[in-house]
Amino acid sequence: MQIIKDKQRVDNTWQFIADDAALVAGDITVSLDRWLQDRADLVAHNGKVGLRLKASDSVADFAEDLANIKLVELDFADFADGRSFSQAWLLRGRYDYKDEIRAIGRYLPEQVFYLSRVGVNAYATEKTPDLDAVLNNLNDFTVKYQSSII
Amino acid sequence: MYQYTENDQTLIDERVAQFKRQTENYFKGELSEDEYRALRLRNGVYIQTHAPLLRVAGPYGLISSKQVRKLAHIARTYDKNYCHFTTRQNIQFNWPKLELVPEILAELATVQMHAIQTSGNCMRNTTSDHLAGVAVDEIADPRPYCEIIRQWTTLHPEFDYLPRKFKIAVSGALNDRAATQFHDIGLHLVKNDAGEVGFKVFVGGGLGRTPIIGQVIKPYLEQKHLLSYLEAILRIYNLFGRRDNKYKARIKILVKETGLEEFTKLVDAEWAHLRDANELSAERVDELKAHFASPAYDLAADTDTSFAEHKVNDKAFATWLAHNTAAHKVSGYTAVFISLKAPDMPPGDVTDVQLDAVADIADAYSFGEIRATHRQNLILADVKQADLYTVWQKLAALELATPNIGTATDMICCPGLDFCSLANAGSIGVAKEINEALDDLDYIHDIGELKINMSGCMNGCAHQSVGHIGILGVDKKGAEWYQITLGGSSENNAAIGERLGPAVAKDEITKAITTILDVYVKNRLEEETFLEAVNRLGINPFKEQVYANN
Ligand code: SF4
């Protein structure tokens, strides 16, 4: 599967491990609940570890651990749930997170300009043709009123 | 008024292109109904009973003559020759074709107008005092701050998908004419002991289903912290506002459920991270102030004597002056209300012909600027006294000089059942009927200051809960009924109206209103306004008469 990262199409190298599934080798993402529960195992994991956040998750709950987290996926259950935008902003603006923040799930390619401005730098889409839309829409505006996070 | 820079223009042009693509994708089936809905709302497009409705932003109520001519052109070309001014200083078109909306927006963009964020769960058009910059009771001009907020709220990347809509109002005067205590955030310009202008910040006010008066969250906020403080409030709201129930999603519910004290702590903790990094510079404020510098007033304007003569010789002119003008800070100038409440027009509606003529009058007599008020009228803010007679004659010829500003027939009224798909009951027809029952101007003037607000459903777009008399359309087994409230106010003495009693049927509502007015006339003390009388008497005397025969 391909995604957009830093305005390029790249292959996705990560897989999500459900809460009730066993860890597998390689780069994985897990839920925040699992991270908080199995932190020791995950830190020792053979491969990189990332988090898949729900809109209701609190960034403050894992902010101190960000050095161990190499990807944060913002999982949109509903494109209209704007909390994920603040999560991204907090990760970049408050906690100085430098690794990948990826939008996944049911956001709209129409929202990627805003997402990029709060610090999201990667996009997985449910439909492949949407990758083109993402690339295109990242350039929707050449001007802005507020300062962006990056 | 504010003139766009190249960046401002580029931004709205790019927005038009973006919405054009979104609309095309919707027609191609690439965006679902739900997805397109969220996007079109953020571009001012509602779908209502007959057709889409396009709501164009009037930034804090200011419109130039050039813009007014464009509105006239759009009304003529894309609509049925009229448009409608709303209580939030915006302009609505009731009959555009959806596929033509991008084209209309492109036309608007040529005169620095747009429909961005005039609906949807995002930060809406910032509203302000319609007498800003000319009011005699002004502490400081709110418009530069409104423009700063307009820019900050426009296409804000983090706060465009809020739990619910979010409205900010700014008042710079002693008397609040912007209903700031009924906004998600209300800002009052105030001065500290050192004479520096800052903000008294209210939060959690709102109308609609659950009217709540805003509470003071910060008695004095320094000017330089304006945007960081707004950001802190918005972030807390975005993260913690309820998203499970649309009727509990406004910030007023969050503030109520959290408690003001706890809510303030959350905001202050957030703000502590932001305040020093994001200061609003004095230079930036000065730059914006320059956009709102006073026009070149004629300092000898008050030496004119013709005005006084006309006043003595023409009673109709004198009556109009008494009701449809407001004092101006510069001697010899007057702010003139253009009444959009002629008896035979739906409140707030204005035709293309009238708009073009108003633009001409504004060019000739008021520095080319027009303002929209919260009560669905317009204002020419800077008319010389020597020109008042001519302006009055011209307005009268256009049926825009009904001398009823602030009186019983200056009703505010939502589109109701005639246009709005959410309505329970008609409002325009009832407004007309009440108008007809009150066709005696002397009687209206004798009753004096009175705000009647009427909404077609609980959403309360016409702010019935803060009307001195509020009328709310309700549905009773498919029939249109009306709930009456008395004693509301959106001014300094903010209050939510009290229910008079059970709703009344459509064929009894006009009688109920005239009965209420009769009770007032019989019981008032000398000089006592309707609102004061209701506050003194309570609702019982009114109730007894209105329900006397039931
Ligand atoms: S108050 Fe109700 S009926 Fe009137 S415009 Fe608003 S939503 Fe429609």
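Residues numbered from 1 in each chain as written. Chains lettered and ligands numbered in written order. Predicted model: local features only at pLDDT ≥ 70, side-chain atom pairs only at ≥ 80, totals over all residues. Heavy atoms only, no water.

Draft legend 1. Looking closely at the layout of surface pockets. Approximately 760 Å³ is the volume attributed to the second largest pocket. What lines the second largest pocket is a set of 36 residues, among which Tyr145(A), Gln146(A), Ser147(A), Trp152(B) and Leu227(B) lie closest to the centre. Residue assignment for the lining of the second largest pocket shows that the elements contributing at least two residues are α3 (83-94) of chain A together with α1 (6-27), α5 (143-153), α6 (226-240), α8 (260-274) and α9 (282-291) of chain B. At 4 residues, the largest contribution of residues to the lining of the second largest pocket is made by α9(B). (1 Å grid on protein atoms, 1.4 Å probe; cavity = no way out; pocket = protein on both sides within 12 Å on 5 of 7 lines; lining within 4 Å. Points joined across faces, edges and corners; volume = space filled by probe spheres on them. Helix = DSSP H or I, 4+ residues; strand = E, 2+ residues; numbered from the N terminus.)

Draft legend 2. Representation of the interface of chain A and chain B in the model. Residue-level contacts link 25 residues of chain A with 36 residues of chain B. Linking chain A to chain B there are 4 salt bridges. Put simply, the parts of the chain that give the side of chain A that touches chain B at least two residues each are α3, α4 (112-117) and α5 (130-137) of chain A. Broken down by element, the side of chain A that touches chain B gets its largest block of residues, 6 residues, from α3(A). (Contact = heavy atoms within 4.5 Å. Salt bridge = Lys/Arg side-chain N within 4 Å of Asp/Glu carboxyl O.)

Draft legend 3. Here's a closer look at the sheet that holds strand β11 (residues 325-327) of chain B. Residues and elements named next belong to chain B. Strands sit in the order β3-β14-β15-β12-β11 across an open sheet of 5 strands; the sheet is antiparallel. Among the strands making up the open sheet, the edge pair consists of β3 (62-64) and β11. Here the average twist between neighbouring strands, direction ignored, is 35°. Sheet topology places strand β12 (residues 333-338) next to strand β15 (residues 378-384); 5 bridges connect them, and they run antiparallel. Across the sheet, Phe337 pairs through a bridge with Ile379, a residue of β15. The strands touched by helix α12 (residues 352-365) within the sheet are β12, β14 (369-372) and β15, with β15 carrying the most contacts at an inclination of about 25°. (Pairing = 2+ DSSP bridges. Axes fitted to C-alpha atoms, helices over the stretch in contact; angles between N-to-C directions.)

Draft legend 4. Here's a closer look at the domain arrangement of chain B. Residues and elements named next belong to chain B. For chain B, the assigned domains are domain 1 (6-109), domain 2 (134-287), domain 3 (301-360 + 374-397) and domain 4 (412-546). With centres defined by C-alpha atoms, the gap from domain 1 to domain 4 works out at 32 Å. Roughly 680 Å² of surface becomes buried between domain 1 and domain 4 when both sides are summed, with 54% attributable to carbon and sulfur atoms. Counting the contacts that link domain 1 with domain 4 gives 0 salt bridges. (Domains from an automatic or database assignment. Buried area = accessible area lost by both parts, 1.4 Å probe.)

Draft legend 5. Up close: the confidence of the model for chain B. Per-residue pLDDT for chain B averages 95, and the proportion of residues at 70 or more is 99%. For this predicted complex, the interface confidence reaches an ipTM of 0.97, while the overall pTM sits at 0.95. (pLDDT = per-residue confidence, 0-100.)

Draft legend 6. Highlighting the packing of helix α7 (residues 251-258) of chain B against α8(B). Residue and element names in this part refer to chain B. With their axes 6 Å apart at the nearest point, α7 and α8 run at an angle of 110° to one another. As summarised for this structure, α7 and α8 are arranged roughly perpendicular, according to the angle between their axes. Residues Ile251, Leu254, Val255 and Thr258 of α7 pack against Leu260, Glu262, Phe263 and Leu266 of α8. (Parallel < 35°, antiparallel > 145°, perpendicular 65-115°, else oblique.)

Draft legend 7. The arrangement of the pattern of salt bridges in detail. Enumeration over the complete set of coordinates arrives at 47 salt bridges over all chains. Across the pair Glu270(B) and Arg235(B) runs a salt bridge, and its minimum N-O distance is 2.7 Å. With a gap of 35 residues between them, Glu270(B) in helix α8 and Arg235(B) in helix α6 connect regions that are remote in the sequence. Across the pair Arg242(B) and Glu257(B) runs a salt bridge whose closest N-O atoms are separated by 2.9 Å. Here Glu257(B) lies in helix α7 and Arg242(B) lies in the loop between α6 and α7, a separation of 15 residues in the sequence. For Arg242(B), a relative accessible area of 24% gives the class partly exposed. Each member of the salt-bridge network shares a partner with another, and the members are Lys5(A), Arg52(A), Glu73(A), Glu100(A) and Arg102(A). (Buried < 20%, exposed > 50% of the residue type's maximum accessible area, 1.4 Å probe, protein only.)

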